[in-house]
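# What the coordinates show
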Amino acid sequence: MELDALILARMQFAFTVAFHIVFPAFSIGLASYLAVLEALWLKTGRDLYLNLFKYWLKIFAVAFGMGVVSGLVMSYQFGTNWSVFSDKAGPVIGPLMAYEVLSAFFLEAGFLGVMLFGLNRVGKKLHFLATLMVAIGTFASAFWILSVNSWMQTPQGYAINEVGQFVPADWFKIVFNPSFPYRLAHMLLAAYLTTGLVVGAVGAWHLIKERTNKGARKMFAMAMGMILVAAPVQIFIGDMHGLNTLEHQPAKVMAMEGHFESHPDGAPLILFGIPDRDAATVHGAVEIPKLSSLILKHDPNAPLAGLDTIARADWPPVEIVFWSFRVMVGLGMAMLLLGLWGLYARLRKRLYDAPWLHRFALVMGPMGFVAVLAGWITTEVGRQPWTVYGLLRTADSAAPLAAPAVATSLAAFAVVYFTVFGAGVFYILRLMSHAPHRDEPGVAETPIRTAGITPAPAIDPDRPIPTGEETDHER
């Protein structure tokens, strides 16, 4: 593959998005978990919930900060590597991203300080309000960002002006475009599952070492309950999202299913195989007859079109989409299995005395992040070769930059990201390695000097206050 400026720009955006998306996926779910913990503390008065709140608040603070920093870089790329796209689609996506900053990020930032440092400085109810506002802010942020992405996937409510720009014609249709409700629900559930898996893994880790730890027991029980509820709902929402994608982006579904050929009498579900885009076939396919038609059309004999009905120039990279989709689905099934296993152990009253369940939960801890990345790859790579689906090609969206310039910035991003965020992840893992306990310290509440490192000179109380009438000599 020739690494021209376009490929390098796509690699750079994919690299930064891959780093960024895992932090909001975690912080969205963790903010809601913190709100639940504080609500339970206020309702029951049990210090156990307060200690867990303080324990996860420290982790949230680090994850939230890394999510903000990693997201800033992507907005700059719109003006550098993708300036043509920004020029053409800016009148539509620009206001939506501004709404995210004004209505969501400012809400989070405004209450974050109270949430982090105000537990002993404001009333309990006011502090809970701040925690709730941060949780709502993370949801609102996801709302606007996913609206932008969904419009790029299923554009509507636009017009094209005389210079070829997309301009808004109906904001309601732009925001609530056809794929947006499914994408929003799918992503929010993915965030809750990701957080549930991390919380469950941390609880399982400490239960393996000390089964009597009350904090580990409580977080593990809450995580298993969340996964049990969210996993089957996610599978249902995923099915609805797939049907919506089949309607509006059929080439993406064809690539996900590995259907190079049309099937007029019912399409098989290809479980595994090696897709070959050049040969337009899946080598060594292991398939179940007619099951794909049953899933996508709810009729085993329903016809399904294949990529042979679409011009090759409009095919997405089938190999990537095919495998990323299977990784996502496979991990979703594993999450469902974990939830059911946790239910079985709970009914047998062995939830805290099931070492193999704890080991499985520990292994599944990072799998939420993997599933989120796999789902995002399926969504974004499956949209290719378009930035605005069916209207603006990726090749026509990039800025006219030289390949060495893009390669240099990509290399710099790689070094900085792996260094900075690697250190951040290591610190989060260190925080998680310590078991929650009584009198959890929480976030340090000592003031931090940010204006400079040199303290101001001490004021002499015996020195007279200047009146402004002194002579130059006296001054």
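You'll find the structure just up there.
Residues numbered from 1 in each chain as written. Predicted model: local features only at pLDDT ≥ 70, side-chain atom pairs only at ≥ 80, totals over all residues. Heavy atoms only, no water.

The next subject is the packing of aromatic side chains. Throughout the structure, instances matching the rule amount to 28 aromatic pairs. What links up through ring pairs into an aromatic cluster is the set Phe15, Phe19, Phe23, Phe413, Tyr417, Phe418 and Phe421. Here Arg326 stacks its cationic end above the ring of Phe322, 3.6 Å away from the centre of that ring. Above the ring of Trp356, the side-chain terminus of Arg359 is found at 4.7 Å from the ring centroid. (Phe/Tyr/Trp six-rings, centres within 6.5 Å; stacked < 30°, edge-to-face > 60°. Lys NZ or Arg CZ within 6 Å of the ring centre and 35° of its normal.)

Before going further, it helps to spend a moment on the pairing of strand β4 (residues 281-288). Inspection of the sheet shows strand β3 (residues 269-276) paired to β4 by six bridges, in the antiparallel sense. By the bridge assignment, Ile274 is partnered in β4 with His283. The hairpin formed by β3 and β4 contains four residues between the paired strands, and Ala280 there has a positive phi angle of roughly 55 degrees. (Pairing = 2+ DSSP bridges. Helix = DSSP H or I, 4+ residues; strand = E, 2+ residues; numbered from the N terminus.)

On to the pattern of salt bridges, then. For the structure on display, the rule yields four salt bridges. A salt bridge links Asp353 to Arg211; the shortest N-O distance between them is 2.4 Å. With a gap of 142 residues between them, Asp353 in the loop between α10 (318-347) and α11 (355-364) and Arg211 in the loop between α6 (180-209) and α7 (214-248) connect regions that are remote in the sequence. The exposure class assigned to Asp353 is partly exposed, which follows from its relative accessible area of 31%. (Salt bridge = Lys/Arg side-chain N within 4 Å of Asp/Glu carboxyl O. Buried < 20%, exposed > 50% of the residue type's maximum accessible area, 1.4 Å probe, protein only.)

As a further point, take the packing of α7 against helix α8 (residues 250-257). Two elements in contact, α7 and α8, have axes whose closest approach is 5 Å; the angle formed by their N-to-C orientations is 120 degrees. When the interaxial angle is binned, α7 and α8 end up oblique. Residues Gly242, Thr245, Leu246, Glu247 and His248 of α7 touch α8, and the partners they reach there are Pro250, Lys252 and Val253. The residue inventory of the contact of α7 with α8, partitioned by class, reads three nonpolar, three polar and two charged. (Axes fitted to C-alpha atoms, helices over the stretch in contact; angles between N-to-C directions. Parallel < 35°, antiparallel > 145°, perpendicular 65-115°, else oblique. Contact = heavy atoms within 4.5 Å. Nonpolar A, V, L, I, M, F, W, Y, C, P; charged D, E, K, R; others polar.)

Another point: unusual backbone geometry. Here the amide bond leading from Gln384 into Pro385 is cis, since omega sits at 10 degrees, within 30 degrees of zero. Within the secondary structure layout, Pro385 lies in the loop between α12 (367-383) and β5 (386-388). Although it is not a glycine, His298 sits at a positive phi angle of roughly 60 degrees. Relative to the helices and strands, His298 is located in the loop between α9 (291-297) and α10.

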